[in-house]
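Residue-level listing of the chains:
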There are 2 protein chains.
Amino acid sequence: MSESVESKSTDKSAEIICVGTELLLGDILNSNAQFLAQALAQLGIAHYYQTVVGDNPARIKSAVNQAGDRSQLLIFTGGLGPTPDDLTHETLAACFNVPLIEHPEILADITHKFAQRGRVFTENNRKQALLPEGALVLTNESGSAPGIIWQPRPGLTILTFPGVPAEMQRMWRDVAVPYLQSQGWGQTTIYSRTLRFWGVSESALAEKVNPFFDRQNPTVAPYANHGEVKLRISARASSEAEAQQLIAPVEQQLRELGGLDCYGADNDSLASVVGALLKTTQTTLAVAESCTGGGLGAIITSVPGSSSYFLGGVISYDNAIKVQLLDVSEHDLNEHGAVSDTVAKKMAAGVRSRLGTSWGLSITGVAGPDGGTDSKPVGLVYIGLAGPTAVQSFEYRFGASRGRDWIRLLSTATALDCLRRELLIKLDQ
Amino acid sequence: MSESVESKSTDKSAEIICVGTELLLGDILNSNAQFLAQALAQLGIAHYYQTVVGDNPARIKSAVNQAGDRSQLLIFTGGLGPTPDDLTHETLAACFNVPLIEHPEILADITHKFAQRGRVFTENNRKQALLPEGALVLTNESGSAPGIIWQPRPGLTILTFPGVPAEMQRMWRDVAVPYLQSQGWGQTTIYSRTLRFWGVSESALAEKVNPFFDRQNPTVAPYANHGEVKLRISARASSEAEAQQLIAPVEQQLRELGGLDCYGADNDSLASVVGALLKTTQTTLAVAESCTGGGLGAIITSVPGSSSYFLGGVISYDNAIKVQLLDVSEHDLNEHGAVSDTVAKKMAAGVRSRLGTSWGLSITGVAGPDGGTDSKPVGLVYIGLAGPTAVQSFEYRFGASRGRDWIRLLSTATALDCLRRELLIKLDQ
């Protein structure tokens, strides 16, 4: 990806320095770096380097010196805790030759928080109140370790955060962002709108929208994961409203080109979009699941308020349950097999009838790794859809190479997409 | 965390350098860094710095020079693709003043792979066959971009990998590890065994096992996430067998201290452990789910072979379905409410009876964010367990603060744990 999308501000840039031996051991994923990188991009602050070092004073110092030579804003995470390995503030003080000063208000705050949670303040915690002379407190509402806002010398700003993601993110949003904006950092903003597609491959979609990839502002970038394809439209402007004005016409054109494959944007999910369509059409849904074992119902009910359109369903993992609760016949099973369009249709119609819903949605397939045959290989999945006017089935071959979890994931998403398209057709009528 | 757990090898260390502007924009999580960090720890190779830079020659060069001054093994990810932004190999060649050499065998391989997948070889792809003079090919079986194994000067080894995690990991395991071991890197190995606990808090468990946290070899470290607590026992030795000998007595002591709270180790999950117990006891299971919507069935069936003990279940999201399919009475619902121990027991007994299984496991609760009251707040969940000799229910209050998904996750895991403990009691008899 070209760096032209990075900020045009040539003078001021920010670096992220993550402190923690657990990162060097690979114990945890560095999600803090991603959050902060996104946050810097959002503010329009140039960002060219990220560094990870362990809980080691000499190497932290080396990272500070190196970063301080080339960047004007240094953002640290980690090393603010009460244990002997937490060294960030004392090392920063040593880097810039200042003493550590104890802040009584921090001591009081930590003592109070501990009392509230029934924990005991220990001497270890005392060091969390020691900050480099001249540093301001970067308040941590959620935890015991405050960070700092510090300008150890003109032209260099240091912000420190604990390593706990939830605490760091809250401090960033509540304290750091307003501070940075007040200091003239982030005069422009990037605003993005992500369109989501299902049922089209990344390359097929890219072919349709190819000319958009060369645009400068807004830019359009494709992403693919979990079977889904996304197009992210990003605009840089001096306000969110202005950025949205740049994005809107591009979004409209991309939606036209994408057609029905575009199911939503940003935080939409197939489940939330289907839920909205069920509410609009005032129809209800029940599911009949074999190989997905309940995963379809689970994803449908992940949407708050789904009880207004989703009644429930039957997990007919064993064939006997298909017969007993879904009115699939032994004959169907013997003649066609559980993984067949016939049985998928019967399951869908059966649960629709039994639970008295407008729609019945079923999944039956070979999730693997065992159970595949030449005629019915691993990854073969049938989706059944029973509605007021018809019962349909759809056949998919997801392949065996990506495994059982992938096949089950694709099955539930694809089932929702079948229903989505059917509901859109219904709405059009 | 103290750096004493890092390798004692003082001379040779490795750095990870991840190239990619998408990392600086926060578009993706840096999972490659975590994988490689774990891999280096596994091999016992000292590792003190990680760097992320964008697709920018000057800054890649700066990172190379800096790293080359202080480390002997540099591991690069990213920048090996066919687009103009992919600059790793040409920048490395420039760093060390060598020309790029075209490798006809790579060209042939890429052409062949593309033909297999119905893709067209373009001029862009040609640059992927250009490697620094003197570099060996680090073969990429899964994708089109090969990496390199290169010693641009004595005492400095460079390995490069594509950014695609699956490709990088395969190349690391198949090619890089044997190469490094042949070159004398990684003379000791770290072997870890992780014990998994459910139903105990991190602090309560830590209190029981506290003396173990001071040990040196093996070390014991606590981790907590997703409601689960883990203890990782890590031993460094010159062979895996030797490391396991160090670990075994510690594992035994920790398991004794942990008691029934310890449900398994390493890749065990509550679902897999319950599955094994059902097989051992030759009993079968059905589920009745309300607020979890199918998530319990989904997690049970994520285990391959679960069809030998799991028959299915009923997703009774709506109360009418509880009545119709689980023989819960309207009276129960009116008198006690859907979220009650009475209804949990009826649901469990009902699905056990209807599906003819040994066990019936039910979940009914308030997942939120809406639907809570003073007497039945968000996070109140009842688990019902019906077996051959009794029907029981268990009440939990998971709290509202961590949200709907968290409550549903804890509910399914806790339900499995209830069944696990019951099965262990049964086995003991």
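Residues numbered from 1 in each chain as written. Chains lettered and ligands numbered in written order. Predicted model: local features only at pLDDT ≥ 70, side-chain atom pairs only at ≥ 80, totals over all residues. Heavy atoms only, no water.

A short note on the domain arrangement of chain A
For step 1, the next point in the chain: For chain A, the assigned domains read domain 1 (3-182), domain 2 (189-265) and domain 3 (270-428).
For step 2, the next point in the chain: On a C-alpha basis, the centroid separation for the pair domain 1 of chain A and domain 3 of chain A is 49 Å. (Domains from an automatic or database assignment.)

Concerning the pairing of strand 2 (residues 46-53) of chain A
For step 1, the next point in the chain: For strand 2 of chain A, the buried fraction is high: 8 of the 8 residues fall into the buried class.
For step 2, the next point in the chain: Note that strand 2 of chain A and strand 2 (residues 46-53) of chain B share 5 bridges and pair antiparallel. Following the sheet pairing, A:Thr51 is matched in strand 2 of chain B by B:Thr51. (Buried < 20%, exposed > 50% of the residue type's maximum accessible area, 1.4 Å probe, protein only. Helix = DSSP H or I, 4+ residues; strand = E, 2+ residues; numbered from the N terminus. Pairing = 2+ DSSP bridges.)

Some words on the relation of the copies chain B and chain A
For step 1, the next point in the chain: Overlay of chain B on chain A (RMSD 0.2 Å): rotation 180°, translation along the axis 0.1 Å. The operation mapping one copy onto its partner corresponds to a two-fold rotation axis. The position closest to the rotation axis in chain B is occupied by the C-alpha of B:Gly294, lying 1.9 Å away.
For step 2, the next point in the chain: Counting the interface residues of chain B, we find that 100% of their copies in chain A are interface residues as well, pointing to one common contact surface. (Least-squares fit on C-alpha atoms with pLDDT ≥ 70 in both. Contact = heavy atoms within 4.5 Å.)

Section: the interface of chain B and chain A
For step 1, the next point in the chain: Taken together, the 69 residues of chain B in the interface contact 69 residues of chain A.
For step 2, the next point in the chain: For the pair chain B and chain A, the summed buried surface comes to about 5700 Å²; carbon and sulfur atoms form 53% of the total.
For step 3, the next point in the chain: Applying the counting criterion to the chain B and chain A interface returns 2 salt bridges.
For step 4, the next point in the chain: Of the charged contacts in the structure, one is a salt bridge between B:Arg232 and A:Asp27, with a shortest N-O distance of 2.7 Å.
For step 5, the next point in the chain: Counting the contacts that link chain B with chain A gives 34 residue pairs in polar contact (both at pLDDT 80 or more).
For step 6, the next point in the chain: If one sorts the elements of the side of chain B that touches chain A by residue count, strand 2 of chain B sits on top with 7 residues.
For step 7, the next point in the chain: When grouped by side-chain class, the residues that make up the side of chain B that touches chain A number 27 nonpolar, 27 polar and 15 charged. (Buried area = accessible area lost by both parts, 1.4 Å probe. Salt bridge = Lys/Arg side-chain N within 4 Å of Asp/Glu carboxyl O. Polar contact = N/O pair within 3.5 Å; in protein donor to acceptor, adjacent residues only side chain to side chain. Nonpolar A, V, L, I, M, F, W, Y, C, P; charged D, E, K, R; others polar.)

Regarding helix 3 (residues 57-70) of chain B
Residue and element names in this part refer to chain B.
For step 1, the next point in the chain: Here helix 3 contains 14 residues, and its C-alpha end-to-end distance of 20 Å stays within 8% of the 20 Å for a straight helix at 1.5 Å per residue.
For step 2, the next point in the chain: Turning to helix 3, its buried residues number three or more, namely Arg59, Ile60, Ala63, Val64, Gln66, Ala67 and Gly68.
For step 3, the next point in the chain: With a side-chain oxygen positioned 3.2 Å from the backbone nitrogen of Ala58, the residue opening helix 3 is Asn56. (Expected span 1.5 Å × (residues − 1).)

Focus: the state of the cysteines
For step 1, the next point in the chain: This structure, assessed with the given rule, holds 0 disulfides over all chains.
For step 2, the next point in the chain: In this model A:Cys291 remains outside any disulfide bridge; the closest cysteine sulfur is found in A:Cys418, 13 Å from its own. (Disulfide = S-S within 2.5 Å.)

Observations regarding the pairing of strand 8 (residues 156-161) of chain A
Residue and element names in this part refer to chain A.
For step 1, the next point in the chain: In terms of burial, strand 8 is largely enclosed, as 6 of its 6 residues are buried.
For step 2, the next point in the chain: Burial of strand 8 is two-sided: the residues Leu156, Ile158 and Thr160 facing one way and the residues Thr157, Leu159 and Phe161 facing the other way are all buried.
For step 3, the next point in the chain: Bridge count between strand 7 (residues 147-153) and strand 8: 3 bridges; the pairing is antiparallel. Across the sheet, the residue bridging to Ile149 is Leu159, located in strand 8.

Thoughts on the sheet that holds strand 11 (residues 228-237) of chain A
Residue and element names in this part refer to chain A.
For step 1, the next point in the chain: Reading across from one edge, 10-11-9-12 is the order of the 4 strands in this open sheet, with antiparallel pairing throughout. In the strand order of this sheet, the two ends are held by strand 10 (219-225) and strand 12 (262-265), each with one partner. Between one strand axis and the next, the sheet turns through 25° on average, direction left out of account.
For step 2, the next point in the chain: Where strand 9 (residues 189-197) and strand 11 come together, 9 bridges link them in antiparallel fashion. Looking across to strand 11, one finds that Ser192 is bridged to Ser234. (Axes fitted to C-alpha atoms, helices over the stretch in contact; angles between N-to-C directions.)

Some remarks on the environment of A:Asn334
All names here are of chain A.
For step 1, the next point in the chain: With respect to the helices, strands and loops of the structure, Asn334 is situated in helix 13 (residues 330-336).
For step 2, the next point in the chain: Since its relative accessible area comes to 65%, Asn334 is described here as exposed.
For step 3, the next point in the chain: Separated by 55 residues in sequence, Asn334 and Thr389 have C-alpha atoms that sit 28 Å apart.

Some remarks on the packing of aromatic side chains
For step 1, the next point in the chain: All told, the structure shown has 8 aromatic pairs over all chains when counted by the stated rule.
For step 2, the next point in the chain: Judged by centre distance (5.6 Å) and plane angle (55°), the rings of A:Tyr317 and B:Phe310 are tilted. In this pair, A:Tyr317 sits in the loop between strand 14 (310-315) and helix 12 (319-326) while B:Phe310 sits in strand 14 (residues 310-315), so the two residues belong to two different chains.
For step 3, the next point in the chain: Geometry around B:Tyr49 places B:Arg70 over its ring, the cationic atom sitting 3.6 Å from the centre. (Phe/Tyr/Trp six-rings, centres within 6.5 Å; stacked < 30°, edge-to-face > 60°. Lys NZ or Arg CZ within 6 Å of the ring centre and 35° of its normal.)

Re the confidence of the model for chain A
All names here are of chain A.
For step 1, the next point in the chain: With 98% of its residues at a pLDDT of 70 or more, chain A shows a mean pLDDT of 93.
For step 2, the next point in the chain: Below a pLDDT of 50 lies the segment residues 1-9, which in the model reaches 32 contacts outside its immediate sequence neighbourhood of four places, other chains included.
For step 3, the next point in the chain: If you check the scores for this complex, the pTM reads 0.83 and the ipTM reads 0.82. (pLDDT = per-residue confidence, 0-100.)

Examining the UniProt feature "domain: MoaB/Mog" (unreviewed entry) in chain A
For step 1, the next point in the chain: In the numbering used here, UniProt assigns the "domain: MoaB/Mog" (unreviewed entry) feature to residues 15-182 of chain A.
For step 2, the next point in the chain: Helix makes up 44% of residues 15-182 of chain A and strand 24%, and the two end C-alpha atoms of the span are 19 Å apart. (UniProt positions renumbered as here; feature names shortened; annotations may be inferred.)

Topic: the sheet that holds strand 1 (residues 13-19) of chain B
For step 1, the next point in the chain: Reading across the sheet, the 12 strands line up as 6(A)-7(A)-8(A)-3(A)-1(A)-2(A)-2(B)-1(B)-3(B)-8(B)-7(B)-6(B) and stay open at both edges, with mixed pairing between neighbours. The open sheet is flanked by strand 6 (136-138) of chain A together with strand 6 (136-138) of chain B, the only strands paired with a single partner. The sheet shows a mean angle of 20° between the axes of neighbouring strands, taken without regard to direction.
For step 2, the next point in the chain: Examined bridge by bridge, strand 3 (residues 73-77) of chain B and strand 8 (residues 156-161) of chain B share 5 bridges and lie parallel to one another. Note that in strand 8 of chain B the partner of B:Thr77 across the bridge is B:Phe161.
For step 3, the next point in the chain: Contacts from helix 4 (residues 88-95) of chain A reach strand 1 (13-19), strand 3 (73-77), strand 7 and strand 8 of chain A, with the element oriented near 10° to strand 7 of chain A.

Concerning the packing of helix 2 (residues 31-43) of chain B against helix 7 (residues 165-182) of chain B
All names here are of chain B.
For step 1, the next point in the chain: Where helix 2 meets helix 7, the axes come as close as 11 Å, and the angle between the chain directions of the two elements is 25°. Here helix 2 lies roughly parallel to helix 7, going by the angle between them. Seen from above, helix 2 lies across helix 7 with right-handed handedness. Listed contacts from helix 7 to Ser31, Asn32, Phe35, Leu36, Ala39, Leu40 and Leu43 of helix 2 are Pro165, Met168, Gln169, Trp172, Arg173, Val177, Leu180 and Gln181.
For step 2, the next point in the chain: Looking at the contact of helix 2 with helix 7 residue by residue, the class counts come to 10 nonpolar, 4 polar and 1 charged. (Parallel < 35°, antiparallel > 145°, perpendicular 65-115°, else oblique. Left-handed = near helix turned anticlockwise from the far one by under 90°.)

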